[in-house]
Amino acid sequence: DTAVSQTPKYLVTQMGNDKSIKCEQNLGHDTMYWYKQDSKKFLKIMFSYNNKELIINETVPNRFSPKSPDKAHLNLHINSLELGDSAVYFCASSFGLPATNEKLFFGSGTQLSVL
Amino acid sequence: DAKTTQPNSMESNEEEPVHLPCNHSTISGTDYIHWYRQLPSQGPEYVIHGLTSNVNNRMASLAIAEDRKSSTLILHRATLRDAAVYYCILRGLIQGAQKLVFGQGTRLTINP
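Note that the structure is predicted; figures quoted are calculated from it, not measured.

Participant: Describe the interface of chain A and chain B, and please don't skip the residues or the numbers.
Facilitator: In this assembly, 21 residues from chain A lie in contact with 21 residues from chain B. For the pairing of chain A and chain B, the buried interface totals around 1,700 Å² over both sides, and the portion due to carbon and sulfur atoms is 57%. Considering only the surface of chain A that becomes buried against chain B, A:L43, A:T100 and A:F106 emerge as the three largest contributors, covering 32% of it. Remark: the boundary between chain A and chain B carries zero salt bridges.

Participant: Account for the sheet that holds strand β7 (residues 64–70) of chain A, naming residues and giving values.
Facilitator: All names here are of chain A. Spatial strand order, β1-β3-β8-β7: four strands in an open sheet with antiparallel pairing. The open sheet has two edge strands with one neighbour each: β1 (4–7) and β7. Across the sheet, the axes of successive neighbouring strands diverge by a mean angle of 20°, strand direction being ignored. Where β7 lies against strand β8 (residues 73–78), five bridges are found, and the strand directions are antiparallel.

Participant: So what about the pairing of β8(A)? Which residues, and what values?
Facilitator: Taken residue by residue, a regular strand's side chains alternate between the two faces of the sheet. All names here are of chain A. Burial of the side chains of β8 is restricted to one face: L74, L76 and I78 are buried, whereas none of H73, N75 and H77 on the reverse face is. With four bridges joining them, strand β3 (residues 19–25) and β8 adopt antiparallel strand pairing. Looking at the pairing, K19 lines up with I78 of β8. The hairpin turn running from β7 into β8, its antiparallel successor, is two residues long.

Participant: Give a description of the nonpolar core that names residues and reports values.
Facilitator: All names here are of chain B. Counting 21 residues, the largest nonpolar core has W35, L73 and Y86 as its most contacted members. Among the elements of the structure, β2 (18–23), β3 (32–38), β4 (45–50), β6 (61–64), β7 (70–75), β8 (84–91) and β11 (106–111) are those that each provide at least two residues to this core. Per-element accounting of this core gives the leading share, four residues, to β8.

Participant: Can you break down the sheet that holds strand β5 (residues 55–56) of chain B residue by residue, with the values?
Facilitator: Residues and elements named next belong to chain B. With antiparallel pairing, four strands are arranged side by side in an open sheet as β2-β7-β6-β5. The sheet is open, and its two edges are formed by β2 and β5, each paired on a single side. Across six bridges, the pairing between β2 and β7 is antiparallel. Among the inter-strand pairings, H19 is bridged to a residue of β7, identified as I74.

Participant: Lay out the packing of aromatic side chains in plain terms, naming residues and giving numbers.
Facilitator: Inspection of every chain in the model, using the stated rule, returns nine aromatic pairs over all chains. Where B:Y87 meets B:F102, the ring centres are 5.1 Å apart and the plane angle is 90°; that geometry is what we call edge-to-face. With B:Y87 in strand β8 and B:F102 in the loop between β10 (97–98) and β11, the pair connects residues that are 15 residues apart, well separated along the chain. With relative accessibility at 2%, the residue B:Y87 sits in the buried group. One aromatic cluster is present, formed by A:Y33, A:Y35, A:F106, B:Y36, B:Y46, B:Y87 and B:F102 through successive ring pairs.

Participant: Could you give an account of the pattern of salt bridges, naming the residues involved and the relevant values?
Facilitator: On inspection of all chains with the given rule, the structure shows seven salt bridges over all chains. When the shortest N-O distance is used, the salt bridge between A:D85 and A:R63 registers 2.8 Å. Highlighted residues: A:D85 in the loop between β8 and β9 (87–94) and A:R63 in the loop between β6 (53–57) and β7, separated in sequence by 22 residues. For the pair shown, A:D85 and A:R63 are each scored as buried. B:E15 serves as the salt-bridge partner of B:R77, at 3.5 Å between the closest nitrogen and oxygen.

About the criteria used
Residues numbered from 1 in each chain as written. Chains lettered and ligands numbered in written order. Predicted model: local features only at pLDDT ≥ 70, side-chain atom pairs only at ≥ 80, totals over all residues. Heavy atoms only, no water. Contact = heavy atoms within 4.5 Å. Buried area = accessible area lost by both parts, 1.4 Å probe. Salt bridge = Lys/Arg side-chain N within 4 Å of Asp/Glu carboxyl O. Pairing = 2+ DSSP bridges. Helix = DSSP H or I, 4+ residues; strand = E, 2+ residues; numbered from the N terminus. Axes fitted to C-alpha atoms, helices over the stretch in contact; angles between N-to-C directions. Buried < 20%, exposed > 50% of the residue type's maximum accessible area, 1.4 Å probe, protein only. Core = buried A, V, L, I, M, F, W, Y, C linked by side-chain atoms within 4.5 Å. Phe/Tyr/Trp six-rings, centres within 6.5 Å; stacked < 30°, edge-to-face > 60°.

Shown next as C-alpha cells:
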C-alpha cells in the first residue's frame, strides 16, 4: 500500500482553467503538507494542515486553496491557472505537529503543465 | 531560507563509501540536522536526522561535528540506486512554525 498517494500523477491543462490535485495518506498521521517544486528544482512549502486545521500558509496566491475534509486527506484546488503554476506538486505527511525532529513522508508528485 | 551549504554535485563509484558534506555555521542550539534524498521522478525520502550525537540507521550514518557547524552524511557502500539529490536541512523554529526548508542539495552520481 502506498503511504502517501496523489492523483493525478500528470495534469495538463489550459491557462485559466480550474483544477484539483488530491492527496491521501494511510499512515494515521495528523499533519499534511503541500510542497511545490519549480523548474529549477527548488522545493518550497505552500501549506500545512494539522487535524484539518491550517497551520502553515506561505505566501501563496489566493488562487490556491487547500481543503482538508479529514486528517487523512489534503486536496489542493487551483483557480485560474497560469503558466507559472507549472511545476511538480508534492503532498507530504508527518505524525504530529511540525516539530524539529519530525520526519516527513512524501508522495510521488503531480506534474502540472499549464499550456 | 536555507541555512546550509552543500556542494552542487559529487561523484562516486559503486560499492565505495560516499561522504556528503554539509556546512551550517549559523546553526542554533535547537536546530536538528535532517537529510532527505530525492531519486529521479520521485518525492523526497527521509534519510536520517540528528541533533548532537552521531546517528546510524539502515540507510546511512550521520556524523556531526563537535561544534555542530558541519555534518557529513555517510553512505557506507554506494549502489546505483543511491544516485539522487541529497538535501541537508536544518529544522528549527522559523517565524513561529517548524518548517522543512529545502536548499539546492547535492546531486550524487554513482558510477558502475
